[in-house]
Each structure stands twice: as structure tokens, then as C-alpha cells.
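Residue-level structure breakdown
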Amino acid sequence: MHLARFPRRRYTPAPTPLERLDNLTRLLGGPDIWIKRDDLTGLAAGGNKTRKLEFLVAEALAEGADTLITVGAVQSNHCRLTAAAAAKERLKCRLVLEQRVPGSYRADASGNNLLFDLLGVESIEVANAGDDLAARMQAIAASLGAEGRKGYIIPGGGSNALGALGYVACAQELVQQAFEQQVRIDHVVVASGSAGTHAGLLVGLEGANTHIPLTGVNVRRPRAEQEGNVHKLAVETAALLKLERPVETSKVVALDDWVGPGYSLPTPEMVEAVRLFAAHEAILLDTVYTGKAAAGLIGLIRQGRFKRGENVVFVHTGGSPALFAYQKDLQS
Ligand SMILES: *Cc1c(COP(=O)(O)O)cnc(C)c1O
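Parameters at a glance
- Residues numbered from 1 in each chain as written.
- Predicted model: local features only at pLDDT ≥ 70, side-chain atom pairs only at ≥ 80, totals over all residues.
- Heavy atoms only, no water.
- Axes fitted to C-alpha atoms, helices over the stretch in contact; angles between N-to-C directions.
- Helix = DSSP H or I, 4+ residues; strand = E, 2+ residues; numbered from the N terminus.
- Parallel < 35°, antiparallel > 145°, perpendicular 65-115°, else oblique.
- Left-handed = near helix turned anticlockwise from the far one by under 90°.
- Contact = heavy atoms within 4.5 Å.
- Nonpolar A, V, L, I, M, F, W, Y, C, P; charged D, E, K, R; others polar.
- Pairing = 2+ DSSP bridges.
- Near = heavy atom within 4 Å.
- Polar contact = N/O pair within 3.5 Å; in protein donor to acceptor, adjacent residues only side chain to side chain.
- Areas by Shrake-Rupley, 256 points an atom, 1.4 Å probe, with all protein chains shown as cover.
- Domains from an automatic or database assignment.
- Expected span 1.5 Å × (residues − 1).
- Buried < 20%, exposed > 50% of the residue type's maximum accessible area, 1.4 Å probe, protein only.
- Salt bridge = Lys/Arg side-chain N within 4 Å of Asp/Glu carboxyl O.
- Core = buried A, V, L, I, M, F, W, Y, C linked by side-chain atoms within 4.5 Å.
- Buried area = accessible area lost by both parts, 1.4 Å probe.

**Details of the packing of helix α7 (residues 196–207) against helix α8 (residues 223–240)**
Two elements in contact, α7 and α8, have axes whose closest approach is 8 Å; the angle formed by their N-to-C orientations is 50 degrees. Between α7 and α8, the angle is such that the two are oblique. You can see that α7 and α8 cross each other, and the crossing is right-handed. Facing G196, H198, A199, L202 and V203 of α7, the residues of α8 in contact are V230, L233, A234, T237 and A238. Across the contact of α7 with α8, the residue classes break down as 7 nonpolar, 3 polar and no charged.

Have a look at this one:
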């Protein structure tokens, strides 16, 4: 795999830290827990979308676009980071926000919604679950075109094959870092949403023949549907990289035991995970993604799925700015 063939902007100057969580390891009494701090990537308040945007924005610039158009939920980290990349690159940004929970958009909401405004988003359109979001973005691009401007459409979560290269790069970085820090990685756990992070990591770990098992923890969809989405995107990403071996379906694991009642809706396990990581490791998770993924990690440890002495890496994909919009779900 030779990622340097693809144009890339750099928004994070150095590898994100790989840290051992001593307190949580001791508290849970299972495997050694490590964390890949992708909450510390560049752009405003960081998170996993920064790595995808490095490749996507490079393509937008190469095509001469002046506006980034994208879609996300009402507290989307992806929309916040797309707006941040636009500000940095002197581009405009237009958002379509999907009310996955009916009535969830509030113009005066805190969290990422406040940051959309601070980062200078040019317009926000609100859509409902079930609306044709791709058509909404196409319509924005067409209206920009009519004004002599040029939009570049980024799919939800930045999750197409080009965006997923950001997580192929993360897998390479992690494996190199583990070598330098002399950590034998036995397992990786990550949140699985629009699938780009999960698919990219899978292609990166498999393409380098690491044989490190990867477990995704769903935040929205039933297991079979999500595993289908991840596999499809992994195949497309592997094709973009001209990898010779197909990605095996047996390697795609996306557990749905910690989704709870639905996307962004709280669960007791999520609240426990957010509170444990904050109180014992001073690490801020979020309620929608990393809180549920960490609940999955903790649940798997309690089920005895990992052995003592094994090293399990939790990929922290960011999201803490949204905490301030979900205060009521968390307060003790
Ligand atoms: C988007 C997001 C995810 C999920 O990543 P996908 O690539 O969409 O699967 C996980 N954590 C956070 C904080 C996110 O914003």
C-alpha cells in the first residue's frame, strides 16, 4: 500500500498518542487497555473525521471547488470538522442536518451546533430522517453552480473509499507506533457508524498482514446491515488501493449489543463508560459514539472475551464537544 500516491492535506502534525490506561486496566481486572488518541487529531477539537478530510479536501482543492457541502446529524462531529477544514482552506461550507431523532434540531443548541456558527458555516438546511440527503446536497451544488460557484459534496461521515484512506493511514501509524513502543497489539475496538473508520482500519490492518482482530461497536444499525456496509466500503477502499487480496467477510465484526434504543439515545452502559473514562483516566468520551463503543469494550472485558496480559487498543474517535449538548443524559 502506497498512500503517498493520493493527494493529502495535513491537519495533524504528528502521530496521535498511543497510551496505556493504567487505572481502568486495574479497575476492570482484565486485559491491558490501551487507547489510540484520535480525539487529539487536528482541526477544531479533533476527532476521526479529520483524517478522512485530509484526503477529501485535497481532492476538493484539486477540482477547484470553493465550497464544501456535507450532511450529518444535528450534533455532527463530521459537520463541525468539515466546517473547520473549510475555514482553514478559505472555502465556504454548507450543511444539511438530518433530524435522526424527530424534532432534535434546535438552532440555539450548544455543543457542535454552536461551533458550526463560530466556524463560519454559510448555511444550514434541516432535513428529516428518510429524506433523500444526497439529492439535498446535489440541489445545493446545482444552486451554487448557477451562481458560478463550485461545490464539492462530501458524503455523510466522509465515508467513501477516499475518506476511508484516512483510517488506512491510521492503521499504518498504529502498527508502526506499537513497534516503536514495543506493544504487541492483540485486539482493536472501535465505534462503527457511517463505516469509514471501521472499513479503513480493517483494510489497513489486513493489507499489512498484521492478523490483528478488529471489533466494531455499532452506534446505529443492526449487526448484519452494518457488517454489510463495512464490508462493501472495505472492498471499495481495497480496490482504490489496488490491493490484490479481497477483504474477507469473516473479518468484519460490528456488534450491535450496545446501540440501545437508537442512534444518539442514551443507555445506562454508555453513561457508565463516559463517567468511568472521565473519572479514572481524565479522558472525555461522547454520548453518541465513543461512549457506546467504550461500553462495548467494558462489556466484552466483563464477558471475559480477552485474556489477562493481552493488549486491547480502543480507538478514541473524538466527539467530546457534543457532551455539552447532552448534559441532561449524563448528570449524576
Ligand atoms: C463519526 C464518528 C464515529 C464513527 O465513525 P464512522 O467512520 O462514521 O463509522 C465515531 N466517533 C465519533 C466521535 C464520530 O464523530
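We are not done yet, so read on.
**Looking at the sheet that holds strand β1 (residues 18–20)**
Across the sheet, which stays open at both edges, the 6 strands sit in the order β1-β2-β10-β7-β8-β9 with mixed pairing between neighbours. Edge positions in the sheet fall to β1 and β9 (254–255), since each has one partner strand and no second. Bridge count for strand β8 (residues 214–218) against β9 is 2 bridges, and the pairing is parallel. Bridge pairing links G216 to A254 in β9. Its contacts with the sheet place helix α10 (residues 290–302) against β2 (32–37), β7 (187–192), β8, β9 and β10 (311–316), and it is angled at close to 170 degrees to β10.

**Let's talk about the site of the ligand**
Surrounding the ligand, one finds 16 residues, the nearest of these being K49, K52, S194, T197 and T317. Contact distances for the ligand include 2.9 Å between an oxygen atom and a side-chain N or O atom of N77. Computed on the free molecule, the ligand has an accessible area of 380 Å², of which 98% lies beneath the protein chains in the complex. Residues that form the shell around the ligand fall into these classes: 3 nonpolar, 11 polar and 2 charged. A domain-level breakdown of the shell around the ligand finds at least three residues from each of domain 1 (3–47 + 160–330) and domain 2 (49–158).

**Section: helix α9 (residues 268–281)**
End to end, α9 covers 19 Å across 14 residues, agreeing with the expected 20 Å (1.5 Å per residue, within 8%). For α9, every residue scored as buried is listed here: M270, V271, A273, V274, L276, F277 and E281. In this structure, the buried residues of α9 make contact with α1 (22–28), β2, α10, β10 and α11 (327–330). Where α9 ends, the next residue or the one after it, A282, has phi of about 55 degrees, a positive value.

**Points about the pattern of salt bridges**
Summed over the entire model, instances satisfying the criterion amount to 26 salt bridges. Taken together, the shared-partner salt bridges connect D66, R94, E122, E147 and R149 into one network.

**Structural notes on the nonpolar core**
Grouped together as the largest cluster of nonpolar side chains are 57 residues, with contacts concentrated most on L68, Y152, L165, V188 and L201. In terms of residues, this core owes the most to one element, helix α6 (residues 161–180), which gives 9 residues. A domain-level breakdown of this core finds at least three residues from each of domain 1 (3–47 + 160–330) and domain 2 (49–158). If we skip the residues at most four places from it in the chain, Y152 touches L56, E59, A60, E63, A65, T67, L68, I69 and L162. Judged by nonpolar contacts, the second largest core, of 37 residues, contains I35, L276, A295 and I301.

**So, the domain arrangement of the protein**
Along its sequence, the protein is organised into domain 1 (3–47 + 160–330) and domain 2 (49–158). Summarising the inter-unit geometry, the C-alpha centres of domain 1 and domain 2 are found 24 Å apart. Taken together, the 41 residues of domain 1 in the interface contact 33 residues of domain 2. Both faces combined, the contact of domain 1 with domain 2 buries some 2,900 Å², and carbon together with sulfur accounts for 59% of it.

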